[in-house]
Amino acid sequence: MKPTRTHFSPLARFLHWTMAPLIVAMLFIGVGMVGTVSRAHTTLIAIHKPLGIALLLLVILRVGVRITSGSPPLPDDMATPQRLAAKASHLVLYVLMAAMPLIGWAMLSAAGYPVRLIGSLYLPPIAPHNVELFATLRALHTWFAFALFATVLLHLAAALFHGLIRRDGVFSSMARSGR
């Protein structure tokens, strides 16, 4: 009988702890972008666009790692509603982590703005130039950002609950290796 794995793979942990601060930074950069008309606005946009694409690539890699490596089982004594909430919240996190940069890219395409990565490297537009579409995508990007922020906060609260209150190994499965 194969022993039950108690920790995420090293690559899964690396991606998690790399993406977590980047996502939080992106959320605050986004708020700063829409909240200022100063010179900082241009700098924040110059950071936001390539970082969004980098996060898109990281989430694609992360989904692949999750599919191939799986995840440790949840504790046996967790109630079914908590299990469902854990699985649903992870699904929502993955969907939002992928949707946010895709919607941002489509929004900029609809506005006719190029998405420059570095130097003269640009991404192709993924949506037609259309002002109404831009407005819809911008609103969607904003609402999804609020949803992502709320989901990240819930994820953090659940992690702290498992790490500090239940002490059931769920937090440590992502926080440290199983050695």
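The following refers to the structure shown.

Cut-offs applied
- Residues numbered from 1 in each chain as written.
- Predicted model: local features only at pLDDT ≥ 70, side-chain atom pairs only at ≥ 80, totals over all residues.
- Heavy atoms only, no water.
- Helix = DSSP H or I, 4+ residues; strand = E, 2+ residues; numbered from the N terminus.
- Buried < 20%, exposed > 50% of the residue type's maximum accessible area, 1.4 Å probe, protein only.
- Contact = heavy atoms within 4.5 Å.
- Areas by Shrake-Rupley, 256 points an atom, 1.4 Å probe, with all protein chains shown as cover.
- Lys, Arg positive; Asp, Glu negative; His and termini not counted.
- Charge placed at Lys NZ, Arg CZ, Asp CG, Glu CD.
- 1 Å grid on protein atoms, 1.4 Å probe; cavity = no way out; pocket = protein on both sides within 12 Å on 5 of 7 lines; lining within 4 Å.
- Points joined across faces, edges and corners; volume = space filled by probe spheres on them.
- Nonpolar A, V, L, I, M, F, W, Y, C, P; charged D, E, K, R; others polar.
- Salt bridge = Lys/Arg side-chain N within 4 Å of Asp/Glu carboxyl O.

Within the chain, the regular secondary structure consists of five helices and two strands. Across its three principal directions, the C-alpha atoms of the chain cover 55 × 30 × 30 Å. Expressed as a percentage of the 179 residues in the chain, the buried residues total 31%. A separation of at least 24 residues holds for 70% of the contacts in the chain among residues at least 6 apart in sequence. Surface exposure of the chain reaches about 11300 Å², of which carbon and sulfur atoms provide 72%. Between the mean site of the 15 positive side-chain charges and the mean site of the 4 negative ones, the chain shows a separation of 13 Å.

It is the rolling of a water-molecule-sized probe over the atoms that shows where space remains empty. Taken as a whole, the second largest pocket encloses approximately 940 Å³ of empty space. Forming the walls of the second largest pocket are 34 residues, and the residues nearest its centre are G30, M33, H48, M100 and H141. Contributing elements (two or more residues each) for the lining of the second largest pocket: α1 (10-34), α2 (40-69), α3 (80-111) and α4 (131-166). The element that contributes the greatest number of residues to the lining of the second largest pocket is α1, accounting for nine residues. Looking at the lining of the second largest pocket residue by residue, the classes come out as 25 nonpolar, seven polar and two charged.

Counted under the stated rule, the structure contains two salt bridges. Across the pair R166 and D77 runs a salt bridge whose closest N-O atoms are separated by 2.6 Å. A residue pair is termed long-range when its members are at least 10 positions apart, and R166 in helix α4 and D77 in the loop between α2 and α3 qualify at 89 residues. When its relative accessible area of 58% is taken as the criterion, D77 is described as exposed.

Below, the discussion takes up the side chain of R62. Within the secondary structure layout, R62 lies in helix α2. Here R62 occupies a buried position and makes no salt bridge, while the nearest side chain of opposite charge, D168, is found at 17 Å. Contacts of R62, omitting those with residues within four sequence positions, involve L15, H16, M19, Y94 and M97.

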